[in-house]
Amino acid sequence: MLKLRNNRKKNFMSQNQILLIFLLACLAGYAIYAIKKRPATLLFFMGRSAAGLSFIYFMNFILNAREIVTGIGINPLTGLISAILGIPGAILLYAIHLYTLM
């Protein structure tokens, strides 16, 4: 028997992927607008990110000296959380990690 091929192209992206891309584009547009309106906003986010990431670095240093291994590292996700929430965001990461250990 001959098999008929489906000539229709399969969907390239799902609806969830399209919505995620749209959401990211809207957030990027809002970030550009906020930075153009107040350029100090960018420095504010960078300062909070640096403070949060340095807190994570020193906490990991102190905990590793006591031979306590944490799964929290310095990566773009923790940098984003630190940029948005600052040092309380870094503390929140450690609290979530502690909660998952229980």
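Higher on the page you've got the structure.
Since the structure is predicted, the reported quantities are computational estimates derived from the model, not experimental observations.

Novice: Please explain the packing of aromatic side chains as it appears in this structure.
Specialist: The description of an aromatic ring pair rests on the distance of the ring centres and on the angle between the ring planes. A complete count under the given rule lists two aromatic pairs for this structure. Arranged with centres 6.3 Å apart and planes meeting at 85°, the rings of F55 and Y94 form a pair that is edge-to-face. In this pair, F55 is assigned in helix α2 (residues 40–65) and Y94 in helix α4 (residues 87–101), connecting sequence segments 39 residues apart. Ring centres of Y57 and F58 lie 5.4 Å apart, and the angle between their planes is 75°; on these two criteria the pair is classed as edge-to-face. On the basis of relative accessible area, Y57 is assigned to the partly exposed category, the value being 46%. Judged by relative accessible area, which is 49%, F58 ranks as partly exposed.

Novice: Explain the packing of α2 against helix α3 (residues 76–85) here, please?
Specialist: Helix packing geometry: the angle between the two helix axes and the distance between the axes. Close contact between α2 and α3 brings their axes to 7 Å; oriented N to C, the two are set at 120°. In terms of orientation, α2 and α3 fall into the oblique class. As for the relative orientation of α2 and α3, their crossing is right-handed in sense. Touching F45, R48, S49, G52, L53 and I56 of α2 are T78, G79, S82, A83 and I84, all from α3. Across the contact of α2 with α3, the residue classes tally to five nonpolar, five polar and one charged.

Novice: Explain the side chain of T78 here, please?
Specialist: Among the secondary structure elements, T78 is positioned in helix α3. Within the structure, the side chain of T78 is placed 3.1 Å from the backbone oxygen of G73, a separation counted as a polar contact. Only 2.9 Å separates the side chain of T78 from the backbone oxygen of N75, close enough to count as a polar contact. Among residues more than four places away in sequence, those in contact with T78 are L53, I56, I72, G73 and L93.

Scoring rules and cut-offs
Residues numbered from 1 in each chain as written. Predicted model: local features only at pLDDT ≥ 70, side-chain atom pairs only at ≥ 80, totals over all residues. Heavy atoms only, no water. Phe/Tyr/Trp six-rings, centres within 6.5 Å; stacked < 30°, edge-to-face > 60°. Helix = DSSP H or I, 4+ residues; strand = E, 2+ residues; numbered from the N terminus. Buried < 20%, exposed > 50% of the residue type's maximum accessible area, 1.4 Å probe, protein only. Axes fitted to C-alpha atoms, helices over the stretch in contact; angles between N-to-C directions. Parallel < 35°, antiparallel > 145°, perpendicular 65-115°, else oblique. Left-handed = near helix turned anticlockwise from the far one by under 90°. Contact = heavy atoms within 4.5 Å. Nonpolar A, V, L, I, M, F, W, Y, C, P; charged D, E, K, R; others polar. Polar contact = N/O pair within 3.5 Å; in protein donor to acceptor, adjacent residues only side chain to side chain.

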